[in-house]
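Letter by letter, the chains look like this.
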Amino acid sequence: MMTNALVIGAGGDIGTAIHRNLEAQGYNVVGTTRKSLDLSKKVSIDAFTRQNTTEFDHIIFCAAENNPQAFLETTDDVIDQSIQVNVLALLQLLRNLLRGSTIGSNGSIVIISSLFGHFVRAKRLPYVASKHALMGVCKTLAVELSAQKIRVNSVSPGFIDTKLTRKNLSVEQISKLEQCIPLERLGHVDEVANVVSFLVSEMASYVNGTDVIVDGGFFAGGFME
């Protein structure tokens, strides 16, 4: 029987890699983009889940808003948008799918979080707050959904070579950053996708409620200068 996976945020670099990786392994993958599913609007999420007829074995959530700016310059709208897209949309989506019995038992949920769910950096308050919240979401759902044999885990990528990374960081900043990473380079999107593939597989059948950091040793190194 074909295994079905839903990748929310498949239009981004990491989401695209996850979608591609799972398809290559024989999964039937449904991927959403900002155009097909507007996570900032609850009516869009309700419409998507109402129209869905597929029972998904695995849900991978990798959508995110990240607009760096100083706290005093950050408006309520920016904060609301980050919390809605990065956290509340996931909760609404899962609630709808679970109530509609469209998440299969013995399945899994993988949440793409971030190193910013573990530490902070100036001018990232909305993003940091949302990623810290996702850590709590992951652990709580892992406990609650275990009764339905659904595992819940998260993945925290470090600095991955994506369009968003290169948008938020200059070439000089990236070069300096690479000197602080023990593996001395940015990560590749496929290296994140490979971890997701493991977490949804039977090889991870006893992995539940945990976060896997994929950062080349940056966190372990204590943000070396």
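Residues numbered from 1 in each chain as written. Predicted model: local features only at pLDDT ≥ 70, side-chain atom pairs only at ≥ 80, totals over all residues. Heavy atoms only, no water.

(A) The overall build of the chain, seen in detail. The secondary structure content of the chain amounts to 7 helices and 6 strands. The linear arrangement of helices and strands in the chain, starting from the amino end, is β-α-β-α-β-α-β-α-β-α-α-α-β. Expected size for 225 residues packed as a compact globule is a radius of gyration near 17 Å; at 17 Å, the chain falls within 12% of this value. Put simply, the chain has 225 residues, and 48% of those count as buried. Long-range contacts, defined here as pairs at least 24 residues apart, represent 75% of the contacts in the chain between residues at least 6 apart. Of the roughly 11300 Å² that the chain leaves accessible, carbon and sulfur atoms contribute 54%. (Helix = DSSP H or I, 4+ residues; strand = E, 2+ residues; numbered from the N terminus. Rg over C-alpha atoms; globule rule 2.2 N^0.38 Å. Buried < 20%, exposed > 50% of the residue type's maximum accessible area, 1.4 Å probe, protein only. Contact = heavy atoms within 4.5 Å. Areas by Shrake-Rupley, 256 points an atom, 1.4 Å probe, with all protein chains shown as cover.)

(B) Looking closely at the pattern of salt bridges. The final tally for this structure, using the stated rule, is 6 salt bridges. Close ionic contact of Glu-65 with Arg-34 constitutes a salt bridge, the shortest N to O distance being 2.9 Å. On the criterion of sequence distance, the pair formed by Glu-65 in the loop between strand S3 (56-61) and helix H3 (76-99) and Arg-34 in the loop between strand S2 (28-32) and helix H2 (42-51) is long-range, its members being 31 residues apart. Judged by its relative accessible area of 59%, Arg-34 is exposed. For Arg-185, the salt bridge identified is with Glu-191, shortest N-O distance 2.8 Å. On the basis of relative accessibility, which here comes to 28%, the residue Glu-191 falls in the partly exposed class. (Salt bridge = Lys/Arg side-chain N within 4 Å of Asp/Glu carboxyl O.)

(C) Structural view of the nonpolar core. Among the nonpolar cores identified, the biggest contains 28 residues, and Ile-8, Leu-39, Ile-59, Ile-109, Ile-111 and Val-152 are the most heavily contacted of them. At the level of secondary structure, the elements contributing two or more residues to this core comprise strand S1 (4-8), H2, S3, H3, strand S4 (103-112) and helix H4 (125-144). Counting residues per element, this core draws most heavily on H3, which supplies 7 residues. Among the nonpolar cores identified, the runner-up in size contains 24 residues, and Ala-17, Ile-112, Val-155 and Val-195 belong to it. (Core = buried A, V, L, I, M, F, W, Y, C linked by side-chain atoms within 4.5 Å.)

Read these as spatial facts, not as claims about activity.
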